[in-house]
Number of protein chains: 2
Amino acid sequence: MTEPDIFYILGNKVRRDLLSHLTCTECYFSFLSSKVNVSSTAVAKHLKIMEREGILKSYEREGPFIGPARKYYDIAISRTYVTTVTPNLFWYRGLDLGGSLIEKAEIDLSRIPLEHETLISMVASFLELTGELEKILQALQAVESRRDRLMKEIKERYLEEIGDMTQMAILHYLLLNGEATIEDLSDRLNLKEREVIVKAQELDKFIPLRIKDGIVKIDEEKLKQKLGGVEDAGED
Amino acid sequence: MTEPDIFYILGNKVRRDLLSHLTCTECYFSFLSSKVNVSSTAVAKHLKIMEREGILKSYEREGPFIGPARKYYDIAISRTYVTTVTPNLFWYRGLDLGGSLIEKAEIDLSRIPLEHETLISMVASFLELTGELEKILQALQAVESRRDRLMKEIKERYLEEIGDMTQMAILHYLLLNGEATIEDLSDRLNLKEREVIVKAQELDKFIPLRIKDGIVKIDEEKLKQKLGGVEDAGED
């Protein structure tokens, strides 16, 4: 796939919704189809397009019941894309995630002058800014690689230790989006609001949440306390 | 326009080519049409879509010859978009450029552990990584805002001082892409290769270039010398 084709894929809301579900858990066709508000024919078409473009791969596996094998889908790429569109700039870049990466970056724009006398000095400053941009893109690539790996571990650990897919889906959503309304989660999980609240309360036993005025988020204060507690206990 | 519609716009090569030309100079319809390899009907359709989505604005102005006013197009947004797609993460964000922005950022991932004992510590690390990501996005927004403003100034100054649109288009391309083959520039500018070489040699009088083995790039060494020379002269 050439780079910008990702834009074509992302240019459609159903495809974005499908990708979003696929990042949370492995999905088979009828599960995915139940999560989006379009016909299963449309879902099949979008999945086929994404498979053809190399964004998804599929495999067959036996379901829990007797019957034909289910077709599962996985996201097959790990990339961050950056693009700028202004009256003066237009560029895009895809960054491969994973691999050995930088741990620190110092970005400093203050040494690059804001005002310029000559065309030469403008061009020199532009090249310097572009140098800083490269450092920023490297840092972005590093942090997203780390977040990708860690999210994988969190998902695996949650299913291993607690084993509840819906709680894990709420945690995944909160980690990616910072916070969520009960309605967001209800739409996302295809559950009634009162069912979302019950599931969030269950999740709260393991990962402290703040559920207030219809908004759910991770309670970072309590998380730090719990983390401190665990570490103190370990030091005894 | 809701954010992700930009992906729809960028999902088409003709639209990307049109945007790319529009970042270099103000363009009227027949000029744009001559630069891309599709029918003028198709160009009109794509321009209309982009205008409808708020990416472009158009205005009419008299051309240099007697006749009907020409329709010009401008890019109407100034944003950087970031999106990550992996088996575990999918998100996108649009960053508005311009405005008062940070000058420095220190990104440090080294203090965030790579291995985790507990689910709680994994979640805490994920939140810390997300905090670093926010700093990176702020730095990206700042550097792109600065590059946008500076590119505008470079374009204006070049036309004011030297007045050659083709030379300026080569400079714009080199600043955005680092380097270019003669063939790239020939396609881009719709000129013969030998005409590109002549124009590059003219540009070289003002902004030092390295033209070697069919590849053109800005000669950063000579640029620094020239810049030093100008500054020294100023100090006398």
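Let me sum up the structure you'll find in this document. All figures in this text were calculated on a predicted structure; none of them were measured in a lab. (Residues numbered from 1 in each chain as written. Chains lettered and ligands numbered in written order. Predicted model: local features only at pLDDT ≥ 70, side-chain atom pairs only at ≥ 80, totals over all residues. Heavy atoms only, no water.)

1. Some details on unusual backbone geometry
Within the chain, A:Asn190 stands out as a residue other than glycine whose phi angle is a positive 60°. Despite not being glycine, B:Asp213 shows a phi value in the positive range, around 50°. Residue position: B:Asp213 is located in the loop between strand S8 (209–212) and strand S9 (215–218). According to the relative accessible area criterion, B:Asp213 is exposed, its value standing at 70%. (Helix = DSSP H or I, 4+ residues; strand = E, 2+ residues; numbered from the N terminus. Buried < 20%, exposed > 50% of the residue type's maximum accessible area, 1.4 Å probe, protein only.)

2. Re the pairing of S8(B)
Residue and element names in this part refer to chain B. In this structure, S8 lies alongside S9, joined through four bridges in antiparallel fashion. Its bridge partner lying in S9, isoleucine 211 is registered against valine 216. Counted along the chain from S8 to the antiparallel partner S9, the turn is two residues long, and its residue aspartate 213 has a positive phi close to 50°. (Pairing = 2+ DSSP bridges.)

3. Some details on the packing of aromatic side chains
If you walk through the whole model with that rule in mind, you get 13 aromatic pairs over all chains. Centre to centre, the rings of A:Phe7 and B:Phe7 are 6.2 Å apart; their planes meet at 15°, and the pair counts as stacked. Taken together, the positions of A:Phe7 in helix H1 (residues 5–10) and B:Phe7 in helix H1 (residues 5–10) put the pair across two chains. Accessibility assignment for this pair places A:Phe7 and B:Phe7 in one class, buried. Plain terms: the ring middles of A:Tyr59 and A:Tyr72 are 5.7 Å apart, the flat faces sit at 10° to each other, and that makes the pair stacked. Of this pair, A:Tyr59 sits in strand S2 (residues 56–61) while A:Tyr72 sits in strand S3 (residues 70–75), and the two are 13 residues apart along the sequence. Through a chain of ring-to-ring contacts, the aromatic side chains of A:Phe7, A:Phe90, A:Tyr92, B:Phe7, B:Phe90 and B:Tyr92 assemble into a single cluster. Sitting over the face of the ring of A:Tyr28, A:Arg70 holds its NZ or CZ atom 3.8 Å from the ring centroid. (Phe/Tyr/Trp six-rings, centres within 6.5 Å; stacked < 30°, edge-to-face > 60°. Lys NZ or Arg CZ within 6 Å of the ring centre and 35° of its normal.)

4. Side note on helix H8 (residues 193–204) of chain B
Residue and element names in this part refer to chain B. The terminal C-alpha atoms of H8 lie 16 Å apart, and with twelve residues this matches the ideal 16 Å at 1.5 Å per residue to within 8%. All of the buried residues in H8 are Val196, Lys199, Ala200 and Leu203. Around the axis of H8, the buried residues are gathered within 100° of arc, so they sit on the same side. Its buried side turned inward, H8 meets helix H5 (119–161), helix H6 (165–177), helix H7 (182–189) and S8. (Expected span 1.5 Å × (residues − 1). Arc of directions from axis to C-beta. Contact = heavy atoms within 4.5 Å.)

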